Amino acid sequence: MVEKTEVICQSSMPAVLDVQYDLCVVKEPILTVDVNNPSTPIFESVSSEVSRFESFVSCSETIKETLIEVSTSKSFPCIRSGSYADIGSRPSMDDEHIRIDDLSIHLGPFFKLPSAFYAVFDGHGGPDAAAYVKRNAMRLFFEDADIPQTSDVDSIFLEALVDSHRKAFLLADSALAIESSISSSCGTTALTALVLGRHLLVANAGDCRAVLCRKGVAVDMSHDHRPSFLPERTRVELLGGYIEGEYLNGDLSVTRALGDWALKLPYGSASPLIAEPDVQQVVLTEDDEFLIIGCDGIWDVISSQAAVSLVRRTLRRHNDPERCARELVKEALRLHSADNLTVVVICFSLPQSIESCPPQRQRMRCFSLSEEARNRLKSLLGGN
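Keep in mind the model is a prediction, meaning the values are calculated, not measured.

Conventions we followed
Residues numbered from 1 in each chain as written. Predicted model: local features only at pLDDT ≥ 70, side-chain atom pairs only at ≥ 80, totals over all residues. Heavy atoms only, no water. Helix = DSSP H or I, 4+ residues; strand = E, 2+ residues; numbered from the N terminus. Buried < 20%, exposed > 50% of the residue type's maximum accessible area, 1.4 Å probe, protein only. Contact = heavy atoms within 4.5 Å. Axes fitted to C-alpha atoms, helices over the stretch in contact; angles between N-to-C directions. Parallel < 35°, antiparallel > 145°, perpendicular 65-115°, else oblique. Left-handed = near helix turned anticlockwise from the far one by under 90°. Nonpolar A, V, L, I, M, F, W, Y, C, P; charged D, E, K, R; others polar. Pairing = 2+ DSSP bridges.

**With respect to the environment of Leu-200**
Consideration 1: Of note, Leu-200 is situated in strand S8 (residues 199–205).
Consideration 2: Given the relative accessible area of 1%, Leu-200 is considered buried.
Consideration 3: If we skip the residues at most four places from it in the chain, Leu-200 touches Ala-193, Leu-194, Val-195, Leu-212, Met-221, Gln-280, Gln-281, Val-282, Leu-284 and Leu-291.

And the structure:
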């Protein structure tokens, strides 16, 4: 098991690590092609004006089929992840993220199935709220949220799991209300992704986004909680709020967030700005290749499908989710995103093909014929 860690928690709390654990070791085949003995025969032709000889060498179709067999025969899901963040054009970095490929390292035998946990937080009014939720994530999302502990993943368990995640978001919101070090004008959006065996559960409050790649097609696993989203606008207005210039009460660009207690009604009363998340769940199949979670700086300039296509294409080149995350951030920068940029790519299986042996073109050495040879060749051709 390979482990890369960066400690990001207080000493008084259980460690929350930015960590990558390879739950299953995948050894990819090393492919070589002997250009002196290619799988495609080289044909030569002679004409009256000989200028060059060319041939093409391509990888065998058998090699491609072997790659597909290797990728589909591995256990599923096989969790691997990578992340990348950039301050962008902002004066400060207010994004935070969590990446844990093996949750049992932190929780022990809490779940009876292999589990992983990921999250992105986009702070506003300063970085304090996002940093606080990240530091206390294990306590808020698992220890205090009454998550059920069982080896039987049935409908009753999944319903209890959804309820516990909703409770975790509300607990985090309440903690920010009473934390003296956090300003009442400071808040954060939050999106979490829990993988439990083949089950994926995504909870979101704000405009971070989770996108699942299913055979190359983008499947949104969250809604952007913005005033422009009609169900959110309707909910806000029914609770006495208003939308002004695409801002909630003329101040905030999201309609759900943790913290921001200066904008919320007195504790315990109904407020247009809420912390309750939308929760989506799905049973992963071999068609589900990877999940992208990212803060709104990514989605402001890149559509869900464009992000999936970019990551899928990049994975097939080098099979490295860390580099995929970096390339996605670089693309958002190229498109002039005006926000902090944070993205996590979570792979569930090997890509269906790896471009480890692109077609190669072999050039034969050109040569010229002597006057005598040309005359003999003309004579032979003329005789036929």
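**Details of the packing of helix H8 (residues 304–318) against helix H9 (residues 321–334)**
Consideration 1: Where H8 meets H9, the axes come as close as 9 Å, and the angle between the chain directions of the two elements is 140 degrees. As far as their axial angle goes, H9 and H8 are oblique. In the packing of H8 onto H9, the handedness of the crossing is right-handed. Judged by residue contacts, Ala-307, Leu-310, Val-311, Thr-314, Leu-315, Arg-317 and His-318 of H8 engage Pro-321, Arg-323, Cys-324, Glu-327, Leu-328 and Glu-331 from H9.
Consideration 2: Grouping the constituent residues of the contact of H8 with H9 by class yields 7 nonpolar, 2 polar and 4 charged.

**Description of the pairing of S8**
Consideration 1: Taken across its 7 residues, S8 has 7 buried, putting it largely inside the fold.
Consideration 2: The two faces of S8 match: His-199, Leu-201, Ala-203 and Ala-205 on one face and Leu-200, Val-202 and Asn-204 on the other face are all buried.
Consideration 3: Counted between consecutive antiparallel strands, the loop separating strand S7 (residues 187–196) from S8 contains 2 residues, among which Gly-197 sits at a positive phi close to 65 degrees.
Consideration 4: Here 6 bridges tie S8 to strand S14 (residues 278–283), and the two strands are oriented antiparallel to one another. Pairing of His-199 across the sheet is with Val-283, part of S14.

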